[in-house]
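Analysis of the macromolecular model
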Amino acid sequence: MAGQVHHVAVNSTNFEQTVRFFEEVFRMEVSRATGEAPARKLWFRQGIQVNEIPVGNPVSGLYDHIGIQVPDKAETWKKASAFGCAAVPGKPNWFTTPDGIVIELMA
(Lines give C-alpha, C1' and ligand atoms only; values in the text may rest on other atoms or scores of the structure.)
Protein backbone atom coordinates (compact mmCIF):
# COMPACT_ATOMS: atom_id res chain seq x y z
CA MET A 1 0.00 0.00 0.00
CA ALA A 2 1.28 3.42 -0.90
CA GLY A 3 1.13 6.17 1.69
CA GLN A 4 -2.04 8.24 1.51
CA VAL A 5 -3.22 11.44 3.12
CA HIS A 6 -4.99 10.62 6.37
CA HIS A 7 -5.68 14.22 7.45
CA VAL A 8 -4.47 17.79 7.09
CA ALA A 9 -4.39 19.99 10.21
CA VAL A 10 -5.00 23.73 9.95
CA ASN A 11 -4.70 26.47 12.56
CA SER A 12 -7.51 28.97 13.12
CA THR A 13 -7.85 32.14 15.17
CA ASN A 14 -11.64 32.06 14.56
CA PHE A 15 -12.47 28.49 15.50
CA GLU A 16 -16.28 28.63 15.30
CA GLN A 17 -16.25 30.31 11.88
CA THR A 18 -13.71 27.84 10.49
CA VAL A 19 -15.70 24.85 11.74
CA ARG A 20 -18.94 26.32 10.36
CA PHE A 21 -17.22 26.96 7.01
CA PHE A 22 -16.24 23.30 6.54
CA GLU A 23 -19.66 22.12 7.76
CA GLU A 24 -21.70 24.42 5.53
CA VAL A 25 -19.57 24.72 2.40
CA PHE A 26 -18.36 21.12 2.17
CA ARG A 27 -20.99 19.38 4.36
CA MET A 28 -18.24 17.81 6.46
CA GLU A 29 -19.20 15.83 9.56
CA VAL A 30 -17.49 16.17 12.93
CA SER A 31 -15.96 12.93 14.19
CA ARG A 32 -14.56 14.26 17.48
CA ALA A 33 -13.59 17.39 19.36
CA THR A 34 -11.32 18.01 22.35
CA GLY A 35 -10.19 20.81 24.62
CA GLU A 36 -11.60 24.15 25.65
CA ALA A 37 -11.10 27.66 24.28
CA PRO A 38 -8.52 28.89 23.43
CA ALA A 39 -7.01 25.50 22.62
CA ARG A 40 -9.79 23.43 21.04
CA LYS A 41 -9.23 20.80 18.37
CA LEU A 42 -11.81 19.27 16.08
CA TRP A 43 -11.63 16.50 13.48
CA PHE A 44 -13.92 16.04 10.51
CA ARG A 45 -14.53 12.55 9.12
CA GLN A 46 -13.39 13.86 5.74
CA GLY A 47 -9.77 14.42 6.83
CA ILE A 48 -9.55 18.02 8.07
CA GLN A 49 -8.37 18.80 11.61
CA VAL A 50 -8.93 22.32 12.99
CA ASN A 51 -6.65 23.59 15.78
CA GLU A 52 -7.68 26.74 17.64
CA ILE A 53 -4.84 29.19 18.24
CA PRO A 54 -5.22 32.56 19.95
CA VAL A 55 -4.71 35.79 18.04
CA GLY A 56 -1.04 36.81 18.31
CA ASN A 57 0.14 33.21 18.69
CA PRO A 58 3.71 32.86 17.41
CA VAL A 59 2.65 29.87 15.25
CA SER A 60 3.32 30.98 11.70
CA GLY A 61 0.73 30.28 9.05
CA LEU A 62 -2.49 28.39 8.95
CA TYR A 63 -1.01 25.01 8.09
CA ASP A 64 -0.04 22.80 11.03
CA HIS A 65 0.82 19.30 9.74
CA ILE A 66 -0.11 16.52 7.32
CA GLY A 67 -1.02 13.07 8.62
CA ILE A 68 -0.02 10.36 6.16
CA GLN A 69 -1.21 6.78 6.57
CA VAL A 70 1.49 4.19 5.89
CA PRO A 71 1.66 0.40 6.22
CA ASP A 72 4.93 0.42 8.22
CA LYS A 73 5.94 3.43 10.32
CA ALA A 74 9.44 2.12 11.04
CA GLU A 75 10.24 1.50 7.39
CA THR A 76 8.84 4.90 6.42
CA TRP A 77 10.89 6.64 9.14
CA LYS A 78 14.02 4.84 7.87
CA LYS A 79 13.42 6.17 4.35
CA ALA A 80 12.62 9.68 5.66
CA SER A 81 15.81 9.71 7.74
CA ALA A 82 17.84 9.01 4.61
CA PHE A 83 16.43 12.25 3.19
CA GLY A 84 17.64 14.20 6.23
CA CYS A 85 14.28 14.43 8.00
CA ALA A 86 14.36 15.25 11.71
CA ALA A 87 12.18 13.82 14.48
CA VAL A 88 9.84 16.24 16.25
CA PRO A 89 10.83 16.16 19.94
CA GLY A 90 8.13 14.73 22.19
CA LYS A 91 5.95 13.56 19.32
CA PRO A 92 6.49 9.92 18.36
CA ASN A 93 5.88 9.24 14.66
CA TRP A 94 6.28 12.93 13.72
CA PHE A 95 9.09 14.45 11.68
CA THR A 96 9.96 17.50 9.63
CA THR A 97 11.28 17.35 6.10
CA PRO A 98 14.48 19.28 5.32
CA ASP A 99 12.37 22.22 4.08
CA GLY A 100 10.11 22.25 7.16
CA ILE A 101 6.98 20.27 6.22
CA VAL A 102 5.65 18.61 9.37
CA ILE A 103 4.40 15.04 8.90
CA GLU A 104 2.61 12.73 11.32
CA LEU A 105 2.78 9.03 10.42
CA MET A 106 -0.49 7.16 10.87
CA ALA A 107 -0.91 3.36 10.80
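Just so it is clear, the model here is predicted, and its values are computed rather than measured.

**Re the pairing of strand β2 (residues 30–34)**
In terms of strand pairing, β2 meets strand β3 (residues 41–44) through four bridges, oriented antiparallel. Across the sheet, R32 pairs through a bridge with W43, a residue of β3.

**Section: a nonpolar patch on the surface**
A cluster of nonpolar side chains, contributed by F21, V25 and F26, occupies part of the molecular surface with about 290 Å² of accessible area. When you line up the elements, F26 lands in helix α1 (residues 15–26). Under the relative-accessibility criterion, F26 is labelled partly exposed at 48%.

**Brief notes about the confidence of the model for the protein**
Residues at a pLDDT of 70 or more form 97% of the protein, whose mean pLDDT is 92. Of all the helices and strands in the protein, α1 carries the lowest mean pLDDT, 90, while β2 carries the highest, 98.

**Section: the layout of surface pockets**
Reported here for the largest pocket is a volume of approximately 240 Å³. If you trace the largest pocket, you find 16 residues lining it, with V70, T76, K79, A80 and L105 closest to the centre. Of all the elements in the fold, those that place two or more residues in the lining of the largest pocket are α2 (73–82) and β8 (102–106). No other element matches α2, which puts four residues into the lining of the largest pocket. Size it by volume and the second largest pocket reaches roughly 210 Å³.

Definitions and cut-offs
- Residues numbered from 1 in each chain as written.
- Predicted model: local features only at pLDDT ≥ 70, side-chain atom pairs only at ≥ 80, totals over all residues.
- Heavy atoms only, no water.
- Pairing = 2+ DSSP bridges.
- Helix = DSSP H or I, 4+ residues; strand = E, 2+ residues; numbered from the N terminus.
- Patch = residues over 30% accessible without salt bridge, like charges linked within 9 Å, V, L, I, M, F, W, Y side chains within 5 Å.
- Areas by Shrake-Rupley, 256 points an atom, 1.4 Å probe, with all protein chains shown as cover.
- Salt bridge = Lys/Arg side-chain N within 4 Å of Asp/Glu carboxyl O.
- Buried < 20%, exposed > 50% of the residue type's maximum accessible area, 1.4 Å probe, protein only.
- pLDDT = per-residue confidence, 0-100.
- 1 Å grid on protein atoms, 1.4 Å probe; cavity = no way out; pocket = protein on both sides within 12 Å on 5 of 7 lines; lining within 4 Å.
- Points joined across faces, edges and corners; volume = space filled by probe spheres on them.

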